[in-house]
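In case you want the letters, here they are:
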Amino acid sequence: MTGCPFHDASPAKEKFRPPKPPGRKSKASGLVKLLVGRSNIFSAMNERLYRGWLGRSNLLIHQAFLVNQPDLVRRVMVERPMEFPKSPVMRRALEGLLGESVFVTNGEQWKRQRRMIDPAFAGGKLRGLFPVMRDCADDMVARVADMADGIPRSIDSEMTHVTADVIFRTLFSTPITQKDAYAVFEAFGRYQQAAPFVSLRSLLGAPSLWPRWFPSKSDQAGKEIRRLLLAFIERRRVEIDEGQAPDDLATAIMTTRDPESGHMFDAVEMLDQVAIFFLAGHETSAAALGWTLYLISKDQEVQDRMRAEAQEVLGDRKPDFSDMKALSFTRDVFREAMRLYPPVPFVIRRASKRERMRNYDVPKGSSLIVSQWFLQRHEKLWDHPDLFDPDRWNTENGRERARDAYIPFSVGARVCPGAGFALQEAALLLSELVRRFKFLPVENYAPTPVMQVTLRAGGGVRVRIEPVEGSSTKAEAHLRTTGETSNGARA
Ligand code: HEM
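Since this is a predicted model, take the numbers as computed values, not measurements.

## Description of unusual backbone geometry
So, point 1. Even without a glycine there, the phi angle at Ser173 is positive, about 55°.
So, point 2. Locating Ser173 in the fold gives a position in the loop between helix H7 (156-172) and helix H8 (179-194).
So, point 3. In the Ramachandran plot, Ser410 falls in the positive-phi region, its phi being about 70° despite a non-glycine side chain.

Rendered as structure tokens:
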């Protein structure tokens, strides 16, 4: 326990057990079921994986291993990441949209890209992005106020909207409602709908002969997104050259030189990076926020404690960057949501040489799957792994597992560069939501986790929303209390 009143949960309270698809019990290959069932990966996987350390699957001529033991995960991701590069299948599956982005490259090319991207996400820069995120939160509050009528509804599209707005405004200083930005957003929606199979094909380590079953729609949407984003980048290049560029992520990245080679991203290289920022930067956060709202709709006590914390820390004023640290229970709730429903439930690597793991020979070229889903619910590692318990992070077991079995942002050299950004955004959006609205459960509703580009609730996260009594749901109210304009400037 931390001594913080919001962390002081009653030990007697029964914790909520959120939906988890039953694993497969039979020995029959999960491959066919996977292909037939398409989206529900988890039901097709053997339920022993929740207890095992290393699983092997022979997929046609290809071998895939599920690495589920903390020291083996460490070996692959932290100790020798260059010997376990990203799978080329992943690259092929996503290249129509991402080109040669940092998400899919390997070796020297990847190292150079990270050297140029990482500075834009450093701690000090996040502080600078905070006012922009806060503007997005204000707009979100105004939209959610129109939904606060107690009627069951899906919250996903709002979470996707606000996170897309955050990424677009922090990247290009352009709200998502602006016409060209909205066109990107809309094309991403089509891309995601057309490409749920990307991850599954990747997971299977499918060889290049594998037929492409969904090429046209996702490829078309990918091309359109790239055309629209390129126009933003070209405009920004001109603004940089004229000394007129706003101080945002795009300018930061486009003006950074690789400290080793002096190289700067050209327009197409920048386009590849922007495409992944947009995809990774909003879809993941939207998924995690949606699951969080579902979980707190089912556990009103946790939600009340978040609200009490938000009211205590923020009162009735506009949030500041420094408040985000103080919202520690809210952050624990978000961490717990990402443990149970990791937006990226699998990452895949390739063994670049023969390897020995436990009792197995891992042939060169095998796929190694590290699964946030299985690792973060491992029955031998976690206390009551399937319960929603944000207080676990203050127990000895929770603290230990946070170090070796909790990797929603991945771990090691290829850890997500946007982790700090995403945590700041989540603390802000969640605290702004719970201090104004109540999220209530929908009767007889239990979402099924399905694999789209990220882990989503099949059919959407459904909740009922009501205003918190006495709270202001309009952004102007707290602006009045601080006398600031919505740009953060003093009026
Ligand atoms: C809750 C939100 C997020 C989650 C759970 C998440 C998770 C992840 C994970 C698991 C990876 C590693 C994938 C792999 O190794 O195959 C990753 C990589 C990446 N993420 Fe995130 N991410 C989030 C938000 C963001 C944001 C906000 C941005 C940028 C604005 C971002 C940009 C990236 C990039 C560029 C990579 C590739 C890094 C590399 O391969 O070196 N992510 N993310």
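Moving on from the coordinates now.
## What about the site of the ligand?
So, point 1. Residues in contact with the ligand amount to 23 residues; listed here are only the nearest, Gly281, Thr284, Cys416, Gly418 and Ala422.
So, point 2. Contributing elements (two or more residues each) for the shell around the ligand: helix H12 (267-298) and helix H18 (419-434).
So, point 3. For the shell around the ligand, the element with the most residues is H12, which contributes seven residues.
So, point 4. In terms of residue class, the shell around the ligand is made up of 16 nonpolar, five polar and two charged.

## Some points on the packing of helix H13 (residues 300-314) against H18
So, point 1. Two numbers describe how H13 lies on H18: the axes approach to 9 Å, and their chain directions differ by 100°. Comparing their axes, H18 and H13 come out roughly perpendicular. Contacts between H13 and H18 pair Gln303, Met306, Arg307, Ala310 and Leu314 from the former with Leu430, Ser431 and Val434 from the latter.
So, point 2. Its residues placed into classes, the contact of H13 with H18 shows five nonpolar, two polar and one charged.

## Looking at the pairing of strand E11 (residues 462-467)
Regular strands place side chains that alternate from one sheet face to the opposite one.
So, point 1. Note: strand E3 (residues 153-154) against E11, two bridges, orientation antiparallel. Pairing of Ser154 across the sheet is with Arg462, part of E11.
So, point 2. As paired elements, strand E8 (residues 437-440) and E11 share four bridges and run antiparallel to each other. Bridge pairing links Leu440 to Arg464 in E11.

## What about the nonpolar core?
So, point 1. Among the nonpolar cores identified, the biggest contains 125 residues, and Ile225, Ile253, Val274, Ala275, Trp291, Ala337 and Leu429 are the most heavily contacted of them.
So, point 2. Among the elements that make up this core, the one with the highest residue count is H12 (18 residues).
So, point 3. Sequence-distant contacts of Ala337, defined by excluding residues within four places in its chain, comprise Ala288, Trp291, Thr292 and Leu295.

## Remarks on the sheet that holds E8
So, point 1. One open sheet accounts for three strands, arranged E3-E11-E8; its pairing is antiparallel. In this open sheet, the two edge strands, each paired with only one partner strand, are E3 and E8.

## A short note on the packing of H12 against H18
So, point 1. Orientation of H12 relative to H18, taken along the N-to-C sense of each, is 40°, at an axis distance of 11 Å. Taken together, the axis directions place H12 and H18 in an arrangement best described as oblique. In the packing of H12 onto H18, the handedness of the crossing is right-handed. For the pair H12 and H18, contact is made by Thr284, Ser285, Ala288, Leu289 and Thr292 and by Ala422, Glu425, Ala426, Leu429 and Leu430, respectively.

The rules we used
Residues numbered from 1 in each chain as written. Predicted model: local features only at pLDDT ≥ 70, side-chain atom pairs only at ≥ 80, totals over all residues. Helix = DSSP H or I, 4+ residues; strand = E, 2+ residues; numbered from the N terminus. Near = placed C-beta within 6 Å. Nonpolar A, V, L, I, M, F, W, Y, C, P; charged D, E, K, R; others polar. Axes fitted to C-alpha atoms, helices over the stretch in contact; angles between N-to-C directions. Parallel < 35°, antiparallel > 145°, perpendicular 65-115°, else oblique. Contact = placed C-beta atoms within 7 Å. Pairing = 2+ DSSP bridges. Core = buried A, V, L, I, M, F, W, Y, C linked by C-beta atoms within 7 Å. Buried ≥ 20, exposed ≤ 12 C-beta atoms within 10 Å, placed from the backbone. Left-handed = near helix turned anticlockwise from the far one by under 90°.

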